[in-house]
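# Survey of secondary and tertiary structure
Residue strings, one per chain:
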Amino acid sequence: MASFGWKRKIGEKVSKATSQQFEAEAADEKDQADDDDASWVHATKRRKEILLEECVRKSKELKDEGADLAENRRYREAILKWDEALQLTPEDATLYEMKSQVLMSLHEMFPAVHAAEMAIQRNPRSWDAWQTLGRAQLGLGEIALAIRSFQVSLHIFPMNPEVWKEDLSWARKLHEQQKATRTESVQALAKEKELAQESIPDYDFESDEIVAVCAAIAEKEKALSAAKTVVIVSASGTVETVTEKDNCPTTPDETLFIRAR
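Residues numbered from 1 in each chain as written. Predicted model: local features only at pLDDT ≥ 70, side-chain atom pairs only at ≥ 80, totals over all residues. Heavy atoms only, no water.

Per an unreviewed UniProt entry, the chain is named TTC33 protein, and its organism is Serilophus lunatus.

Following this line, the structure appears as structure tokens:
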């Protein structure tokens with residue numbers, strides 16, 4: 001009779017081998033999954049790059065079309081092209097700068113200033129955007145702001161003769177004229193105020209001449225009040241002027257005359 005004992009676990013070695021095989025297969029599947037994920041990420045990134053490249057390409061085409069239209073003075077159509085391009089590349093500062101130039105040609109200064117400011121927000125180092133902003137500010141009469149914008153443009157690109165000789169020189173000349181005009185206006189107002197004060201005579205109301213004039217006027221008023229003049233219109237239409245006196249209070253018969261003052 002066989003002795004009783006614990007049975008050896010059936011398949012102990014088999015389970016270990018199977019486990020090792022399973023782990024190996026799982027590792028292969030994980031590597032494959034990682035490869036698939038990497039491929040998907042790469043494909044997604046590549047599609048995004050292709051889309052961006054397509055947007056940039058299309059935006060450039062629209063930008064060039066708008067430039068051609070602007071050269072032919074078809075400004076409204078050019079703005080439409082550039083607005084469409086900005087939908088594709090909203091960070092393109094040159095589109096806003098070109099749009100600002102065209103808006104100035106249309107004498108729309110407020111939108112021109114706004115477009116130039118948008119260009120500077122996207123590229124603060126763009127000297128031509130600062131130049132365009134200065135010109136738009138001049139169109140609004142903001143001479144001091146325009147001078148500052150031209151100075152920033154020159155700071156970025158000091159060798160630009162156009163900004164130095166034309167824009168900044170003209171803005172400074174306008175600024176001097178503005179200061180001179182303000183000075184003349186202040187002087188004119190001061191002179192008018194001085195003349196107004198001089199035109200009021202300083203009367204001495206207690207002088208002998210004034211007292212004599214007042215006495216003469218009072219005597220004349222007294223004489224006029226002593227004699228009363230009455231206009232009498234008869235029933236037949238005859239007009240008669242009668243001077244009444246204090247010692248003659250009687251008047252003509254009221255049945256024959258109509259009394260009027």
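More follows now that the structure is in view.
### As for helix 5 (residues 127-139)
Put simply, the test is: Every helix listed is a DSSP run of H or I at least four residues long, and every strand listed is a run of E at least two residues long, numbered separately from the N terminus. Expected span of a helix: the number of residues minus one, times 1.5 Å. Only protein chains enter the accessibility calculation, which uses a 1.4 Å probe; a residue whose area is less than 20% of its type maximum is buried, one above 50% is exposed, and one in between is partly exposed.
Taking 1.5 Å of rise per residue, 13 residues should cover 18 Å, and helix 5 covers 19 Å from first to last C-alpha, within 8% of that figure. Turning to helix 5, its buried residues number three or more, namely Ala129, Trp130, Gln131, Thr132, Leu133, Gly134, Ala136, Gln137 and Leu138. After helix 5 finishes, the residue glycine 141 shows a positive phi value of roughly 85 degrees.

### Comments concerning the packing of helix 2 (residues 75-88) against helix 3 (residues 93-105)
Which entries qualify depends on this criterion: Only the contacting stretch of a helix is used when fitting its axis, a line to C-alpha atoms as for every element, and angles between N-to-C directions run 0 to 180 degrees. For classification, angles of less than 35 degrees are called roughly parallel, those exceeding 145 degrees roughly antiparallel, those between 65 and 115 degrees roughly perpendicular, and all remaining angles oblique. Handedness of a crossing is defined here by the sense of rotation of the near helix relative to the far one, left-handed for an anticlockwise turn of less than a right angle and right-handed for a clockwise turn. Whether two residues are in contact is decided by their heavy atoms: any pair within 4.5 Å suffices.
Interaxial distance between helix 2 and helix 3 falls to 10 Å at its minimum, and their mutual angle equals 160 degrees. Of the possible angle classes, the one that applies to helix 2 and helix 3 is roughly antiparallel. Once helix 2 is placed against helix 3, the crossing between them reads as left-handed. When helix 2 is examined against helix 3, the residues Tyr75, Ile79, Trp82, Asp83, Ala85 and Leu86 are found in contact with a partner set consisting of Leu95, Tyr96, Met98, Lys99, Val102, Leu103 and Ser105.

### Observations concerning the UniProt feature "coiled-coil region" (unreviewed entry) in the chain
Heads up, the condition is: UniProt positions are given in the numbering used here, feature names are shortened, and annotations may be inferred rather than shown by experiment.
UniProt records the feature "coiled-coil region" (unreviewed entry) at residues 45-72, using the numbering of this structure. Counting secondary structure, residues 45-72 comes out at 96% helix and 0% strand; the distance between its end C-alpha atoms is 41 Å.

### Here's the deal with the UniProt feature "repeat: TPR" (unreviewed entry) in the chain
Within this structure's numbering, the places UniProt gives as "repeat: TPR" (unreviewed entry) are residues 127-160. For residues 127-160, the helix share is 79%, the strand share is 0%, and the end-to-end C-alpha distance is 9 Å.

### What to know about the nonpolar core
The cut-off we apply is this: Definition used in this section: a nonpolar core is a set of buried Ala, Val, Leu, Ile, Met, Phe, Trp, Tyr and Cys residues joined via side-chain atoms within 4.5 Å.
Counting residues in hydrophobic clusters, the biggest one holds 29 residues, and the most contacted among them are Ala70, Trp82, Val102 and Leu133. Contributing elements (two or more residues each) for this core: helix 1 (12-71), helix 2, helix 3, helix 4 (109-122) and helix 5. Looking at which element gives the most residues to this core, the answer is helix 4, with eight residues. Of all hydrophobic cores here, the second largest spans nine residues; its members include Leu138, Leu154, Val163 and Ala171.

### Quick look at the pattern of salt bridges
Heads up, the rule is: One speaks of a salt bridge when a side-chain nitrogen belonging to Lys or Arg is within 4 Å of a carboxyl oxygen belonging to Asp or Glu.
For the coordinates displayed, the defined rule picks out 11 salt bridges. Close ionic contact of glutamate 61 with arginine 57 constitutes a salt bridge, the shortest N to O distance being 2.5 Å. Taken as a pair, glutamate 61 and arginine 57 lie in helix 1 at a separation of four residues, close to a single helical turn. Judged by its relative accessible area of 34%, glutamate 61 is partly exposed. Taking the shortest distance from any N to any O, the salt bridge between glutamate 108 and arginine 76 comes out at 2.5 Å.

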